[in-house]
Amino acid sequence: MSADQTADLRTALLAWFDRQGRDLPWRQGPEGRRDPYRAWVAEVLLQQTQVARGLGYYHNFLTAFPSVQDLAAAPLDDVLKAWEGCGYYARARNLHRAAQVIAQQGFPEAYGGWLALPGVGPYTAAALSSLTLNEACAVNDGNVRRVLARLHAEPQPTPRWVQAQADALLDPARPGAWNEAVMDLGATICTPKSPQCGACPLSPWCAGRASAQPTAYPAPKARPVVQEVRAVAVLIGTPQQAVLEQRAGGLLGGLWGLPTQPYDPARPGAQAQALRDLCARLPATPGPLLGEVTHAMTHRRVIWQVYAATGGPHPTDVRGAPLSRLDHKALSLAQARADSLFT
DNA sequence: AAATCGGGGTC
DNA sequence: GACCCAGATTT
């Protein structure tokens, strides 16, 4: 693309953005000098999370933690509670860790400083340095990848290729606005399934549109097979006051939930054995089966047999604890059974 | 480079 | 059910 074409393309997209860009709550303040706390919270929240869903969490989070000092001083459980249901909980743990650093050292003053914070990778560092420091760093997210793949009719855009294209196209005069403009275009016009090429300010330069098959770019990514995982879970107490354990490790790490024990459904008797093992560990006495809950995650499908049990450690208050959707489903199963006794 | 990590929206 | 979402981190 010639320098003249690049200049025209930039003008067209920024004009569209100034007119049609989304009005979002974290976009307050001067262009290139946004409030770093709000921008940072929003960028982390929006990692692999659609804007429409992020809006509610953003409001809750800022209400709970109005400043980075509030966030740094808060217990991790409170931070996870504000993140409850949003997924990818490492984001909340990293946000809390990074807040300790920022409370001590202040907000980063360059791309490298952002990148050094836990939970901030190349995308987020580029976004935040352009939005809060006016640095000419091009973001590379799912929207940018799709927009640029279509613009150049590239079916297999590698991360390196996308970054090079994004760097070349970025308008150095308005880096923050440019980044937001490309993402807004990808989210509202150049959508994955049914792009509105007729309304796109880039259509004069777009090879994907010229091909009449814009959705062929980029080619869909191959997805791994979803694995089925089974476990028994026990409810000791009531849906309001129950024995909860804090989950460790990567999956749902830091959240609380019902004690569980996985088993191999292909092995006869494995489920009953898992229930015995679980109750022996607590220790508790197994009771009746309350029901089954299933929960779909991106890369696995979880099925729990939920049993009542008695004994065990002292039940704790469920209300204040950060729980996964799966645990909420298990608890409402027990609630539904309790309700049915009175109808 | 490939796996792992949630939950929901859209078609 | 397939595919995706303002990706980061670990293996």
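None of the values given here were measured: they were computed from a predicted structure. (Residues numbered from 1 in each chain as written. Chains lettered and ligands numbered in written order. Predicted model: local features only at pLDDT ≥ 70, side-chain atom pairs only at ≥ 80, totals over all residues.)

Trainee: Go over the domain arrangement of chain A, please, and point to the residues and values.
Mentor: Along its sequence, chain A is carved into domain 1 (3-216) and domain 2 (227-340). If you average the C-alpha positions of domain 1 and of domain 2, the two centres end up 37 Å apart. Contacts between the two partners involve nine residues from domain 1 and, on the opposite side, eight residues from domain 2. At the level of elements, α5 (76-83) and α6 (90-105) are the ones that each hand at least two residues to the side of domain 1 that touches domain 2. Considering every element that reaches the side of domain 1 that touches domain 2, the biggest residue donor is α5, with four residues. Here the side of domain 1 that touches domain 2 is built from residues that sort into four nonpolar, one polar and four charged. (Domains from an automatic or database assignment. Contact = placed C-beta atoms within 7 Å. Helix = DSSP H or I, 4+ residues; strand = E, 2+ residues; numbered from the N terminus. Nonpolar A, V, L, I, M, F, W, Y, C, P; charged D, E, K, R; others polar.)

Trainee: So what's going on with the protein's contact with DNA strand B? Residues and values would help.
Mentor: Around DNA strand B, a shell composed of 19 residues is seen, among which Gly87, Lys193, Gly250, Thr298 and Ser324 lie nearest. For the surface near DNA strand B, the per-class residue count stands at six nonpolar, 10 polar and three charged. (Near = placed C-beta within 6 Å.)

Trainee: Tell me about unusual backbone geometry, and name the residues and values.
Mentor: With glycine set apart, most residues show a phi of negative sign, and most peptide bonds adopt trans. A cis amide bond links Tyr217 with the next residue in sequence, Pro218, at an omega value of -10°. Positive phi is not limited to glycine here, since Ala212 has a value of about 65°. By C-beta crowding, Ala212 is classed as exposed, having 8 other C-beta atoms within 10 Å. (Buried ≥ 20, exposed ≤ 12 C-beta atoms within 10 Å, placed from the backbone.)

Trainee: Before we move on, can you summarise the packing of helix α9 (residues 142-151) against helix α11 (residues 175-188) with the specific residues and values?
Mentor: Direction vectors running N to C along α9 and α11 enclose 80°, while the axes themselves pass 8 Å from each other. Between α9 and α11, the crossing angle belongs to the class labelled roughly perpendicular. Between α9, through Asn143, Val144, Arg146 and Val147, and α11, the contact on the second element is made entirely by Val182, Met183, Leu185, Gly186 and Ala187. Looking at the contact of α9 with α11 residue by residue, the classes come out as six nonpolar, two polar and one charged. (Axes fitted to C-alpha atoms, helices over the stretch in contact; angles between N-to-C directions. Parallel < 35°, antiparallel > 145°, perpendicular 65-115°, else oblique.)

Trainee: Give a detailed account of the UniProt feature "domain: HhH-GPD" (unreviewed entry) in chain A, specifying residues and quantitative values.
Mentor: The feature "domain: HhH-GPD" (unreviewed entry), as given by UniProt, occupies residues 45-188 in the numbering adopted here. Between the C-alpha atoms that bound residues 45-188 the distance is 19 Å, and the span itself is 67% helix and 0% strand. (UniProt positions renumbered as here; feature names shortened; annotations may be inferred.)

Trainee: Can you break down helix α2 (residues 36-45) residue by residue, with the values?
Mentor: With respect to burial, α2 is a largely interior element, 10 of its 10 residues being buried. Where α2 is concerned, the buried positions are Pro36, Tyr37, Arg38, Ala39, Trp40, Val41, Ala42, Glu43, Val44 and Leu45. Buried residues in α2 make contact with α3 (51-64), α4 (68-73), α6 and α8 (122-132).

Trainee: Can you break down the protein's contact with DNA strand C residue by residue, with the values?
Mentor: Inspection of the region around DNA strand C gives 31 residues, with Gly121, Thr124, Asp141, Gly142 and Met183 positioned closest. The residue makeup of the surface near DNA strand C, split by class, is 13 nonpolar, 11 polar and seven charged.

Trainee: Outline the packing of α9 against helix α10 (residues 159-169), supporting the account with residue identities and numerical values.
Mentor: At a minimum axis distance of 10 Å, the contact between α9 and α10 shows a crossing angle of 80°. In terms of their interaxial angle, α9 and α10 are classed as roughly perpendicular. Note on element contacts: α10 touches α9 through Val162, Gln165 and Ala166, opposite Val144, Arg145 and Leu148. Its residues assigned to classes, the contact of α9 with α10 shows four nonpolar, one polar and one charged.

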